[in-house]
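# Chains, contacts and geometry: an overview
This is what each chain is made of:
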Amino acid sequence: MRAASSGEGTVVIFGGAGFIGSNVADHYLQEGRTVRVFDNVSRHGVEKNLRWLRERHGERLRIDIADTRDLFAVRRAVREASEVFHFAAQVAVTHSLQSPLHDFDVNARGTLHVLEALREMETPAQLVFTSTNKVYGGLPGLELAVRGQRYAPMDERTLAHGISETCPLDFESPYGCSKGAADQYVLDYARTFGLPTVVFRMSCIYGPRQFGTEDQGWVAHFLLRALGGEPLTLYGDGMQVRDILFVEDLVRAFRLAHQAMPRIQGRAFNIGGGPGQTVSLLELLALIQRRTGRAPRVGFEDWRSGDQRYYVSDTRAFMRATGWMPRVGVEEGMARLGGWLEELRGGRTRPVMGRGETLEAVDSQP
């Protein structure tokens, strides 16, 4: 007998121990919902997020230490689900270049496992999948000019609104291909099988619980380098521009997507801070210096494969569909992230595991 979902079923978050996943889990747990976090805890720092969630919410948090490449584990996880988020991924372009097969297995095959598990349900749970702006490639046809310390589009419409979902897909790098393939599978399962799915093609997300690295989570990475007095490498010239979105605003967007699912299923939306919340890498470093009084030593290397000199999300389609708008500005968001990172560095957050503890302390719940 196939499992059924209900409106108040479990919220299942694949990749739920990560930066975005832990923030989504906390949001639903605060509402009294039961949340199942499914994560292989391979990313540095995510055990801290599991400890934080467990201490805040106790037994309403269920944890599966498992991998989306395990179809049986995925099927078991969604049995009582009504809402599903799929964030589990290999997230680094650099790693995808080194190990394309692993990148494909995690991002494409893992996503197909989630979709198949949902398709087997009597009433499939609603799925929000996070894709990436990398599905648009390097945007080689976008003409740019240099304005101050940033690139800006020559086309006034793009400058005013950003890159919309009508931009042609142009997968580049194994990472772009694997995430792009997963993106298209999620959309097609809505069209072919009627699954309630939606895709968020995301720009740069930042906020508390982000343990940024050079390959992913660059806003937090920049701040951590500055706070630690460590050097920083920029790839390219530092004038590349992104729209950044505070994680609290993203969580609201996710919630609205689930509420609007009957109207928006089978669609992809570009999600980020939009034209009102843009920053170049050099501008962000200047902002960090103003806030902290510290600036990391900066070195420059060649551009990396698939790097976009300019990417800003046109979020109007999702705004029209749901009424969503970002609320947290760049200055406020950076202050909040900086405060959390300073607290973390000051040792006022508890370690994930005490001496002698293992991951079994936060292992799978029934």
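Residues numbered from 1 in each chain as written. Predicted model: local features only at pLDDT ≥ 70, side-chain atom pairs only at ≥ 80, totals over all residues. Heavy atoms only, no water.

For the rest of this paragraph, the subject is the side chain of D314. Mapping D314 onto the fold places it in the loop between β15 (310-311) and α12 (316-322). Judged by its relative accessible area of 5%, D314 is buried. At a separation of 2.9 Å, a polar atom in the side chain of D314 contacts the side chain of R316. Dropping the residues within four chain positions of it, D314 is found in contact with H161, G162, I163, S164, E165 and N270. (Helix = DSSP H or I, 4+ residues; strand = E, 2+ residues; numbered from the N terminus. Buried < 20%, exposed > 50% of the residue type's maximum accessible area, 1.4 Å probe, protein only. Polar contact = N/O pair within 3.5 Å; in protein donor to acceptor, adjacent residues only side chain to side chain. Contact = heavy atoms within 4.5 Å.)

Let's shift gears to unusual backbone geometry. For S173, which is not a glycine, the phi torsion comes out positive at approximately 80°. Here S173 lies in helix α7 (residues 173-193). On the basis of relative accessible area, S173 is assigned to the buried category, the value being 13%. At R209, a residue that is not glycine, the phi angle is positive and equals roughly 80°. The topology assignment puts R209 in the loop between β9 (204-206) and α8 (218-228).

We now examine the nonpolar core. The tendency in soluble globular proteins is for nonpolar side chains to be buried side by side. Counting residues in each nonpolar core, the largest one holds 40 residues, and the members touching the most others are F200 and F254. If we ignore the near neighbours within four places in the chain, the residues touching F200 are F129, T130, S131, T132, L250, A253, F254, A257, F269, I271 and F318. F211, L223, L227 and V328 belong to the second-largest nonpolar core, a separate cluster that totals 30 residues. (Core = buried A, V, L, I, M, F, W, Y, C linked by side-chain atoms within 4.5 Å.)

If you walk through the whole model with that rule in mind, you get 15 aromatic pairs. Aromatic pair F14 and F38: ring centres 4.8 Å apart, planes at 65°, arrangement edge-to-face. Placement of F14 in strand β1 (residues 10-14) and of F38 in strand β2 (residues 35-39) is noted, with a sequence separation of 24 residues between them. The class for F14 is buried, based on a relative accessible area of 0%. Ring centres 5.5 Å apart and planes at 65° place the aromatic pair F211 and W340 in the edge-to-face group. On the criterion of sequence distance, the pair formed by F211 in the loop between β9 and α8 and W340 in helix α13 (residues 330-345) is long-range, its members being 129 residues apart. Exposure class is identical for F211 and W340. Each is buried. Through a chain of ring-to-ring contacts, the aromatic side chains of Y28, F85, F87, F200, F254, F269, F318 and W324 assemble into a single cluster. Lying over the aromatic face of F193, R119 brings its terminal NZ or CZ to 4.4 Å of the ring centre. Geometry around W303 places R309 over its ring, the cationic atom sitting 3.9 Å from the centre. (Phe/Tyr/Trp six-rings, centres within 6.5 Å; stacked < 30°, edge-to-face > 60°. Lys NZ or Arg CZ within 6 Å of the ring centre and 35° of its normal.)

A few words on the side chain of Q90. Following the sequence through the fold, Q90 ends up in the loop between β4 (81-86) and α4 (93-98). A polar contact of 2.8 Å, which involves the side chain of Q90, links it to the backbone nitrogen of A92. Separated by 2.7 Å, the side chains of Q90 and D103 make a polar contact. With near-sequence residues (within four places) excluded, Q90 lies in contact with H95, S96, H102, D103, V106, N107 and Y175.

This part takes up the pairing of β4. Of all 6 residues in β4, 6 are buried; the element is thus mostly enclosed. Judged from the 5 bridges that link them, β1 and β4 form a sheet pairing that is parallel. Among the inter-strand pairings, T10 is bridged to a residue of β4, identified as A81. The pairing of β4 with strand β5 (residues 126-132) spans 4 bridges and is classified as parallel. The partner of H86 across the bridge, within β5, is F129. (Pairing = 2+ DSSP bridges.)

Mapped onto the present numbering, the UniProt feature "domain: NAD-dependent epimerase/dehydratase" (unreviewed entry) falls on residues 11-272. Within the segment residues 11-272, helix and strand shares are 43% and 23% respectively, and the terminal C-alpha atoms sit 24 Å apart. (UniProt positions renumbered as here; feature names shortened; annotations may be inferred.)

Its place among the elements puts I65 in strand β3 (residues 61-65). Separated by 23 residues in the primary sequence, I65 and S42 have C-alpha atoms spaced 9.9 Å apart.

All right, on to α7 then. Here α7 contains 21 residues, and its C-alpha end-to-end distance of 29 Å stays within 8% of the 30 Å for a straight helix at 1.5 Å per residue. For α7, every residue scored as buried is listed here: S173, Y175, G176, S178, K179, G180, A182, D183, V186, L187, Y189 and A190. Tucked into the core, α7 has its buried residues touching α4, α5 (100-119), β5, β8 (197-202) and β12 (267-271). Looking one or two residues beyond α7, the residue adopting positive phi is G194, at roughly 75°. (Expected span 1.5 Å × (residues − 1).)

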